[in-house]
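# Remarks on the overall topology
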Amino acid sequence: MNDSAAETALRAQMSRLAPPGVRLGCRLIRHGDEALLLLEEAAVLPARRPSARRASGAARALARGLLAADGTGAVGIGRSPAGAPLWPDGFTGSLAHDDEMAVAAIARTADIPSLGIDVEPTEPLPDEIASLVVMPTDILAGIDPRLATRLLFSAKEAVYKAAYPLDGEVLGYEHISVDLAGGEAHVANGRRMRLSACLFPRIVVLAVATAEPLFSPS
């Protein structure tokens, strides 16, 4: 599969994930994508290996395109002290990448309080990582067992990205309970997330925070 075909295939699958008000995109990371970083973006990124800056350039250029499609002008996507992307007023968003593909999601906060996205290769998760991710409260039934733990890992990453801007809490895997088949997740503080995902040609999970108030954890 060539570069454009890989993007087209994943974009088609991702188009099924987004609820109304959410824009999603993907871009294969290419040599030289570090040059896509705007000066203000490059200045706030820590000095890292070229491959990491390429991934950041691809993801931020993708997100800027999504914002432009929603009516914003040229705007850089900065970085908070905690390492999270900084979005223009009135917007929420999320960036992710694996070694080959970058993905992004944006929405207006009037429609969506917060969201998170993650991308992973369609490969089994190593057992030593799975043992840290899977908790007794997680429900993996109904998912291809070869990919269930990788999908769970991706879901918890996406949930964390959606929850942190709202609550400012550092979460471990044990703080997030996921029902993969049911398409939902619960955070230990009572916040609920809706999940949507695709497995092929890459695993992508979108977590969308609900507007419901937090309940008191039991």
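Scroll up for the structure.
Predicted, not measured: the structure shown is a model, and the values here were computed from it.

The rules behind each value
- Residues numbered from 1 in each chain as written.
- Predicted model: local features only at pLDDT ≥ 70, side-chain atom pairs only at ≥ 80, totals over all residues.
- Heavy atoms only, no water.
- Helix = DSSP H or I, 4+ residues; strand = E, 2+ residues; numbered from the N terminus.
- Rg over C-alpha atoms; globule rule 2.2 N^0.38 Å.
- Buried < 20%, exposed > 50% of the residue type's maximum accessible area, 1.4 Å probe, protein only.
- Pairing = 2+ DSSP bridges.
- Salt bridge = Lys/Arg side-chain N within 4 Å of Asp/Glu carboxyl O.
- Contact = heavy atoms within 4.5 Å.
- Axes fitted to C-alpha atoms, helices over the stretch in contact; angles between N-to-C directions.

### Brief notes about the overall build of the chain
- A count of helices and strands for the chain gives 5 helices and 10 strands.
- The C-alpha atoms of the chain give a radius of gyration of 17 Å, which matches the 17 Å a tight globule of 218 residues would have.
- With the C-alpha coordinates aligned to their principal axes, the bounding extent of the chain is approximately 45 × 40 × 35 Å.
- Residue burial in the chain is summarised as follows: out of 218 residues, 46% are buried.

### Comments concerning the pairing of strand E4 (residues 91-97)
- The buried fraction of E4 is high, at 6 of 7 residues.
- Bridge count between E4 and strand E5 (residues 101-108): 7 bridges; the pairing is antiparallel. Note that in E5 the partner of Ala 96 across the bridge is Val 103.

### Notes on the pattern of salt bridges
- Summed over all chains, the structure comprises 14 salt bridges.
- Put simply, Arg 30 and Glu 7 hold a salt bridge, and the shortest N to O gap is 2.9 Å. Of the two residues, Arg 30 is situated in the loop between strand E1 (22-28) and helix H2 (39-44) and Glu 7 in helix H1 (residues 3-14); the sequence distance between them amounts to 23 residues.
- When its relative accessible area of 10% is taken as the criterion, Glu 7 is described as buried.
- Between Asp 167 and Arg 191 there is a salt bridge, with its nearest N and O atoms 2.8 Å apart. One end of the pair, Asp 167, is in helix H5 (residues 148-167); the other, Arg 191, is in the loop between strand E8 (184-187) and strand E9 (192-198), and 24 residues separate them in sequence.

### Looking at the environment of Phe 153
- Take Phe 153: it is sitting in helix H5.
- Residues contacting Phe 153, with those up to four places away along its chain left out, are Glu 120, Leu 125, Ile 129, Val 133 and Tyr 173.

### Things to note about the environment of Pro 124
- Looking at the element boundaries, Pro 124 is found in the loop between strand E6 (115-120) and helix H4 (127-133).
- A sequence separation of 24 residues divides Pro 124 from Ala 148, and the C-alpha atoms of the two residues are 7.9 Å apart.
- Residue contacts for Pro 124: discarding those within four places in its chain leaves Arg 146, Leu 147 and Arg 150.

### A few points about the sheet that holds E4
- Taken in spatial order, the 3 strands make up an open sheet running E1-E5-E4, and their pairing is antiparallel. Only two strands of the sheet have a single partner each, and these edge strands are E1 and E4. Geometrically, the sheet is characterised by an average inter-axis angle of 15° between neighbouring strands, direction not taken into account.
- Sheet topology places E1 next to E5; 7 bridges connect them, and they run antiparallel. Across the sheet, Arg 27 pairs through a bridge with Ala 102, a residue of E5.
- Its contacts with the sheet place helix H3 (residues 50-69) against E1, E4 and E5, and it is angled at close to 30° to E5.

### Topic: unusual backbone geometry
- Cis peptide bonds are those with omega within 30 degrees of zero, and the linkage from Phe 200 to Pro 201 qualifies with 0°.
- As for its position among the elements, Pro 201 is in the loop between E9 and strand E10 (203-209).

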